[in-house]
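Spelled out from the first residue to the last, the chains are:
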Amino acid sequence: MRTLTALYVFLSVLFASAAVFDQPPPQDVLRRPTVDTLTDRDAIIESLLATHAGDPVQVMRLLEPENASELDAPRLLQVFGADAVWMTEGDKLHLRQQGLGFIDLTDHQDLHACHRSAESTWPKLQYQEKVTSVTKLLSKDEMKSNLGNLTSFHNRYYRSEFGVQSSRWLYNQILDIISTAPPGVRLSVETFTHTFPQPSVIARFEPFFGRSSPNPTIALPRIIVGAHQDSANYRFPLLPAPGADDDGSGTVTILEAFRALVQSGFAPERPVEFHWYAAEEGGLLGSQEVVSEYTQLKKDVGAMIQFDMTAYVPKGEVPVLTFITTDVDSNLTNWAMALAEEYSTSVVGGAKLFAGAGSDHMSWHRAGFPAIFAAEGDPFRTFNPYIHTSGDKIDLADGEFSFEHALEFAKVAVGFVVELGGWVE
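Residues numbered from 1 in each chain as written. Predicted model: local features only at pLDDT ≥ 70, side-chain atom pairs only at ≥ 80, totals over all residues. Heavy atoms only, no water.

### Quick word on the sheet that holds strand S2 (residues 84-88)
The line we're drawing: If DSSP finds at least two bridges between two strands, the strands pair. Only DSSP runs of H or I reaching four residues or more are called helices, and only runs of E reaching two or more are called strands; each is numbered from the N terminus. Every axis in this analysis is a line fitted to C-alpha atoms, fitted for helices over the stretch in contact. Angles between the N-to-C directions lie between 0 and 180 degrees. In what follows, a contact means two residues having at least one pair of non-hydrogen atoms within 4.5 Å.
One open sheet accounts for three strands, arranged S2-S1-S3; its pairing is antiparallel. The strands lining the two open edges of the sheet, one partner per strand, are S2 and strand S3 (102-104). Each strand of the sheet is rotated relative to its neighbour by a mean of 40°, with strand direction disregarded. Where strand S1 (residues 74-79) lies against S3, three bridges are found, and the strand directions are antiparallel. Directly across from Leu-77, in S3, lies its bridge partner Asp-104. Each of S1, S2 and S3 touches helix H6 (residues 89-97); the most contacted strand, S2, lies at about 105° to it.

So this is what it looks like as structure tokens:
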């Protein structure tokens, strides 16, 4: 990758006078790789940040001089809780350092121009026996193993080689699951490529009666379960970001639900899709591109649920399976809370976020589709202080990272798709 190649230049000049960093590095030095370990690379980045008063944009210009102009590209950014304003790609780095979340609306302004959400009636729960049979197959050990592998990548930054590698690992895990499916289970999987390196991944249970409705006048709305696969270090994007909770926990939560459904021979009446989005940390970039294509191709979506952070429980706190109640479909949220009380042993509750804040469900919600958001707890009361740092790991002190809590969300994911997707005997 050009990022890492360019990084080698600074080993030889790092301890020179600070003035040297104010000049573009000579081309011959750029081609001399001398750094062999990620630890060395991280140390160089930290030294550059110290030299340039922590300014991530200046450091990125030095590391990627050939891409420096991209940092000046205009972007329409909506910081959570504020109106959208025109800024730059480089401003994203500054916003992250300030701990501010945002949506990048630049390429999808029309998508969000007409909100067409309508009141919906959600079905009475009727598949208790089926759901229970699937949730019995859920395994904390599977989740722990998968998350151990996912967090072993240096980071999952959507513009880095590690973001691509981790996405390929996830894709291969899904293929492994599909390879063990009973013969009658109709499955497909794809990588949804983007304008940036990391692809999203979409796995789909095809309807039992075929990909298309027997009656061409009747649509088969998709049921979607989502999480985001990327991670971010808000100090600087190339530094370590294991992202165990944000959103490695959601990623393996829905992966485990998918595995148990496959093993159970799930045969839905309508399409059921599992989405692992790229570049959520870049401003919901991956999910917005998916929503844009679905809208353009008139792919109907009946309901969507996002799982973003499912495992952190502060010491002394009672775990609460939480549904965000702001900027979501309220009726679907209430229905899902009742579903969670039916299928989970956890306490179930609701919590608010800033207006306009959220995760990838926001891309669907803004486009007018029924979308909701499940999370590990009240963001204002039990917030995970380790996210967006190198400390977002599995092995937290006092057992604050809980696979038991995450497993309860996997139960909800199973119940959500079976109750809304149906099950053909």
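Text resumes after the structure shown.
### As for helix H14 (residues 403-421)
Stated precisely, the cut-off is as follows: In a helix, the anticipated span is given by 1.5 Å times the number of residues less one. When accessible area is computed with a 1.4 Å probe and restricted to protein chains, residues below 20% of their type maximum are described as buried, those above 50% as exposed, and intermediate ones as partly exposed.
For H14, spanning 19 residues, the distance from its first C-alpha to its last is 26 Å, which sits close to the expected 27 Å at 1.5 Å a residue. Here H14 lies mainly inside the structure; 18 of its 19 residues are buried. Immediately downstream of H14, the backbone of Gly-422 shows phi near 75°, a positive value.

### A few points about the side chain of Thr-253
In this fold, Thr-253 is placed in helix H10 (residues 244-263). Under the relative-accessibility criterion, Thr-253 is labelled buried at 0%. When near neighbours in sequence (up to four residues on either side) are disregarded, Thr-253 contacts Met-143, Thr-310, Ala-406, Phe-409 and Ala-410.

### Concerning the packing of aromatic side chains
Going by this rule: Each pair of aromatic rings taken from Phe, Tyr and Trp, with Trp reduced to its six-membered ring, is defined by centres within 6.5 Å and is described as stacked if the planes are under 30 degrees apart, edge-to-face if over 60, and tilted in the remaining cases. Charge-over-ring contacts are defined here by two conditions on Lys NZ or Arg CZ: a distance within 6 Å of the ring centre and an angle within 35 degrees of the ring normal.
This structure, assessed with the given rule, holds 17 aromatic pairs. When the ring of Trp-122 is compared with that of Trp-335, the centres are 6.4 Å apart and the planes differ by 40°; the resulting orientation is tilted. One end of the pair, Trp-122, is in the loop between S3 and helix H7 (128-135); the other, Trp-335, is in helix H12 (residues 330-343), with 213 residues separating them in the sequence. Comparing Trp-122 with Trp-335 shows no difference in burial state: the two are buried. Centroid distance Tyr-158 to Phe-196: 5.3 Å. Interplanar angle 80°. Geometry classified as edge-to-face. Here the residue Tyr-158 occupies a position in the loop between helix H8 (140-150) and helix H9 (161-179), and Phe-196 occupies one in the loop between strand S4 (187-192) and strand S5 (200-205), the gap between them amounting to 38 residues. Of the two residues, Tyr-158 and Phe-196, both sit in the buried class. Every member of this aromatic cluster is reached through a ring pair, and the members are Phe-205, Phe-258, Phe-266, Phe-274, Trp-276 and Trp-423. Positioned above the aromatic ring of Phe-208, the side-chain terminus of Arg-186 is 4.9 Å from the ring centre.

### Quick word on the pairing of strand S8 (residues 301-307)
Along a regular strand, successive side chains alternate from one face of the sheet to the other. Counting buried positions along S8 yields seven of seven residues, so the element is predominantly enclosed. In terms of strand pairing, strand S6 (residues 222-228) meets S8 through five bridges, oriented parallel. Bridge assignment links Arg-222 to a residue of S8, and that residue is Val-301. As defined by bridge partners, S8 adjoins strand S11 (residues 371-375) across four bridges and the pair is classed as parallel. Counted as the bridge partner of Met-304 is Ala-371 from S11.

### Focus: the nonpolar core
Buried together is how nonpolar side chains tend to be arranged in soluble globular proteins. Applicable threshold: Nonpolar cores are built from buried Ala, Val, Leu, Ile, Met, Phe, Trp, Tyr and Cys residues. Side-chain atoms within 4.5 Å join them into one set.
Ranked by size, the top nonpolar core spans 75 residues in total, and within it Phe-274, Phe-323, Phe-416 and Val-417 carry the most contacts. One finds Leu-63, Leu-71, Tyr-157 and Leu-285 within the second-largest nonpolar core, a separate group that totals 20 residues.

### Some thoughts on H6
Among the residues of H6, those classed as buried are Glu-89, Gly-90, Lys-92, Leu-93, Leu-95 and Arg-96. Buried-residue contacts for H6 involve helix H5 (56-63), S1, S2, S3 and helix H11 (285-296).

### Topic: unusual backbone geometry
Residue Asp-247 is bonded to the preceding Asp-246 through a cis peptide linkage, with omega at -10°. Tracing the backbone shows Asp-247 in helix H10. Non-glycine residue Leu-284 carries a positive phi angle of around 60°. Tracing the chain through its elements places Leu-284 in the loop between strand S7 (272-277) and H11. A relative accessible area of 2% means that Leu-284 is categorised as buried. Positive phi, normally seen in glycine, also occurs at Asp-327, with a value near 55°. Secondary-structure assignment places Asp-327 in the loop between strand S9 (320-324) and H12. Note on Asp-327: relative accessible area 28%, which makes it partly exposed.

Structural measurements only, silent on function.
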